Amino acid sequence: MREQSKPRLRSRSAAVAMAVAAMTAGVLASPAASAAARPDTVQRGLDALVRDDGLPAALASVKDRTGRTRTYTAGVGDLATGAKVPGDGQVRIGSNTKTFTAVVALQLVGEGRIGLDEPVETYLPGLVRGEGIDGRGITVRQLLQHTSGLPEYEGDISEADIRNRYFEPRDILDVAFRHKADFDPGAKFAYSSTNYVLVGLIIQKVTGRPLAEEIGRRILQPLGLRHTSFPAAGDRSIREPHPKGYTRESASEPLRDITELDPSAAWAAGQMISTNADLNRFFSELLAGRLLPAAQLAQMRTTVPIGDSGAGYGLGIISRPLSCGGAYWGHGGDIPGYETRGGVTEDGRAANITVTSIPVDGATTKHLESVVDTALCR
């Protein structure tokens with residue numbers, strides 16, 4: 001969906017225990033051993049997301065400059081039982097799905113079966129219509145880059161619908177096209193998952209196959225992403241070991257378990273399940289040119305500014321600046337219960353971090369992004 005708690009008493013107790021352990025280590029061990037015993041900067045960042053920001057759990061997979069990969073966890077995987085967070089557990093990855101969808105579309109561009117600057121009408125005649133909305137004036141490129149002006153539908157989907165209702169892609173479009181266009185095609189950037197529902201339908205029209213099947217045979221199988229899937233219709237579960245996902249509207253409300261839901265309201269824009277390690281592999285292989293021809297990868301990496309954030313949106317991928325210089329490429333995403341941020345650098349570093357509740361304020365989101373920056377810059 002949008003590219004956008006452990007009980008406090010237990011969190012404080014854990015923090016006190018950690019502090020006591022650190023003091024004991026300082027008395028009994030040498031300075032070198034004491035330094036080795038301290039959590040590294042990524043672990044401290046995850047611990048803070050749980051302790052200070054009230055998130056139930058955080059988990060990460062990080063590949064550093066030396067090529068070493070580490071898995072991190074913080075918090076608890078189940079608030080009711082206190083179960084541990086499974087290392088590299090499966091999570092719902094939300095709008096990271098958009099990058100998978102974009103890769104398939106760009107592979108089809110490379111095969112001459114889709115034209116980036118062809119109007120949507122070429123592939124979906126008569127479908128894209130509404131107030132100020134006309135598929136004859138919107139290109140595939142504009143869908144992939146969120147410059148189409150198509151309205152967002154997500155705000156009209158209730159939590160009850162997300163939990164229990166199955167949506168066909170055209171049901172989603174019916175919701176979206178109740179609204180008028182946000183602006184003329186190509187005028188500016190504005191993120192809208194409606195764009196990717198249409199990209200998914202174009203892929204299905206051109207290939208004659210379900211989107212999930214195309215993602216599977218073109219990306220998941222070749223890369224060996226064994227822990228990544230596109231849930232089948234009606235599948236509300238997460239099949240492999242996973243931390244539970246939680247939801248609430250504000251920090252003062254109790255967390256509610258929303259692990260099981262019907263992700264069809266997100267479809268090509270956010271339906272998939274994966275792990276942080278699989279995401280690192282996917283983005284690393286993509287950036288290394290193993291999924292797209294050079295021409296299509298260059299198109300994917302041609303960005304438009306995302307406001308004044310310093311970030312840029314390509315064709316289903318985002319470039320974000322790093323505090324240590326340069327940038328990283330990824331996407332990020334959320335769906336009720338989970339938010340994931342991360343990406344990869346040109347020199348092979350990679351980090352993806354998931355928290356098990358969508359942050360309810362911008363400060364917490366910035367803290368999460370800061371941990372990603374820490375992981376990629378150390």
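Residues numbered from 1 in each chain as written. Predicted model: local features only at pLDDT ≥ 70, side-chain atom pairs only at ≥ 80, totals over all residues. Heavy atoms only, no water.

**Points about helix α12 (residues 362-377)**
Definition in use: What counts as a helix is a DSSP run of H or I of at least four residues, what counts as a strand is a run of E of at least two, and both are numbered from the N terminus. To estimate how far a helix should extend, the number of its residues minus one is multiplied by 1.5 Å. Think of it in three bands: residues with accessible area under 20% of the maximum for their type are buried, residues over 50% are exposed, and the middle band is partly exposed, with areas taken using a 1.4 Å probe on protein chains only. Contacts between residues were defined by any pair of non-hydrogen atoms, one from each residue, lying within 4.5 Å. Side-chain atoms alone can form a polar contact between residues adjacent in sequence; in general such a contact is a pair of N or O atoms within 3.5 Å, and within protein one must be able to donate a hydrogen while the other accepts it.
The terminal C-alpha atoms of α12, which comprises 16 residues, lie 22 Å apart, in line with the 22 Å expected from a rise of 1.5 Å per residue. Considered for burial, the residues of α12 that qualify are Thr364, Thr365, Leu368, Val371, Val372, Asp373, Ala375, Leu376 and Cys377. Buried residues in α12 make contact with α3 (41-51), β1 (57-63), β11 (318-321), β12 (327-330), β14 (338-344) and β15 (350-355). The backbone nitrogen of Ala363 has a side-chain oxygen 3.1 Å away, supplied by the residue at the start of α12, namely Asp361.

**Things to note about the pairing of β1**
The condition is simple: A pair of strands is treated as paired once DSSP finds two or more bridges between them.
By the criterion of burial, β1 is predominantly enclosed, with six of the seven residues buried. Strand direction decides the pairing type here: β1 and strand β2 (residues 69-75), joined by seven bridges, are antiparallel. Looking at the pairing, Ala60 lines up with Tyr72 of β2. Where β1 folds back on β2, the antiparallel hairpin that results is connected by five residues, among which Gly67 adopts a positive phi of roughly 90°.

**Things to note about the pattern of salt bridges**
Definition in use: We count a salt bridge whenever a side-chain nitrogen from Lys or Arg sits within 4 Å of a carboxyl oxygen from Asp or Glu.
In this structure the tally under the stated criterion is 26 salt bridges. Across the salt bridge formed by Arg218 and Glu111, the nearest N and O atoms sit 2.9 Å from each other. Taken as a pair, Arg218 in helix α9 (residues 211-223) and Glu111 in the loop between α4 (97-110) and β4 (129-130) lie far apart in primary sequence, 107 residues in all. Accessibility expressed as a relative area gives 10% for Arg218, which makes it buried. Glu111 gets classed as partly exposed once you look at its relative accessible area, which sits at 43%. Its salt-bridge partner being Arg129, residue Glu121 comes within 3.0 Å of it at the nearest N-O pair.

**Observations concerning the nonpolar core**
Side chains of nonpolar character tend, in soluble globular proteins, to be buried together. As a reminder, the rule being used: Buried Ala, Val, Leu, Ile, Met, Phe, Trp, Tyr and Cys residues form a nonpolar core when they are joined through side-chain atoms within 4.5 Å.
Counting residues in hydrophobic clusters, the biggest one holds 80 residues, and the most contacted among them are Phe100, Ile219, Phe282, Leu286 and Met300. Excluding anything up to four places from it in sequence, Phe100 contacts Ile93, Ile215, Ile219, Leu220, Leu225, Thr228, Met272, Leu279 and Phe282. Core analysis: the next-biggest nonpolar cluster, separate from the first, contains 21 residues, Leu46, Val50, Ala58 and Val62 among them.

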